[in-house]
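Per-entry structural report
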Amino acid sequence: MIWLAVAALGGVGAVLRLELGGAVQHRWHRDLPLGTLVVNVLGSLCLGLLTGLGVAGDGLLLVGTALLGSFTTFSTLVLETERLAEEEHPRAALANLLLSVAGGLLAAGGGWALGALL
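These notes cover the structure that comes with them. (Residues numbered from 1 in each chain as written. Predicted model: local features only at pLDDT ≥ 70, side-chain atom pairs only at ≥ 80, totals over all residues. Heavy atoms only, no water.)

1. Re the side chain of S70
In this fold, S70 is placed in helix α3 (residues 57–71). Here S70 falls in the buried class, since its relative accessible area comes to 15%. For S70, the side chain forms a polar contact with the main-chain nitrogen of A14, separated by 3.4 Å. Ignoring anything within four residues of it in the chain, the contact list for S70 reads L9, G10, G13, A14, R17 and T65. (Helix = DSSP H or I, 4+ residues; strand = E, 2+ residues; numbered from the N terminus. Buried < 20%, exposed > 50% of the residue type's maximum accessible area, 1.4 Å probe, protein only. Polar contact = N/O pair within 3.5 Å; in protein donor to acceptor, adjacent residues only side chain to side chain. Contact = heavy atoms within 4.5 Å.)

2. Some thoughts on the pattern of salt bridges
Applying the stated criterion to the full structure yields 1 salt bridge. In this structure, E87 engages R83 in a salt bridge whose closest nitrogen and oxygen atoms are separated by 3.3 Å. What makes E87 partly exposed here is its relative accessible area of 44%. (Salt bridge = Lys/Arg side-chain N within 4 Å of Asp/Glu carboxyl O.)

3. Focus on the side chain of T73
Tracing the sequence through the fold places T73 in the loop between α3 and α4 (74–86). Given the relative accessible area of 9%, T73 is considered buried. At 2.8 Å, the side chain of T73 forms a polar contact with the side chain of T76. Beyond its immediate stretch of four places on either side in the chain, T73 contacts R17, T36 and N40.

Written out as C-alpha cells, the structure reads:
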C-alpha cells in the first residue's frame, strides 16, 4: 500500500511542479528560467523543514521522497543551464546555476532551522 501512495504523491508533485513552474515562468519574460529556480528552492525549503521537524520513516518517504522528490528537478536545472550556455547567454547560465545551488542550500538550512524551532 505504501508504494501506491509513493506513486500517487509522485504524480501530485510532478503536476505541482509543472503548474507552479509554468505559472512563474509565464510571468517572467527573461532568459533566466525562474520557474525551475522557484520550484527547486521551495522544495529545498520544505525538505529542510521536514528534517528540522524530525519527520522520519514513512512520513519522510511519502512527503520528502515521493512528493518533494518529484516536485523538484535537478535534471531540468542542468538542461536549462546548458541551453542558456549553448544560446550564448553565459552570464544567465552561471546565474542560474549559482542562484539554484546557493538558494537551495540557504532554503534547506532555513527550513531546517525553522523546523527545529517548532
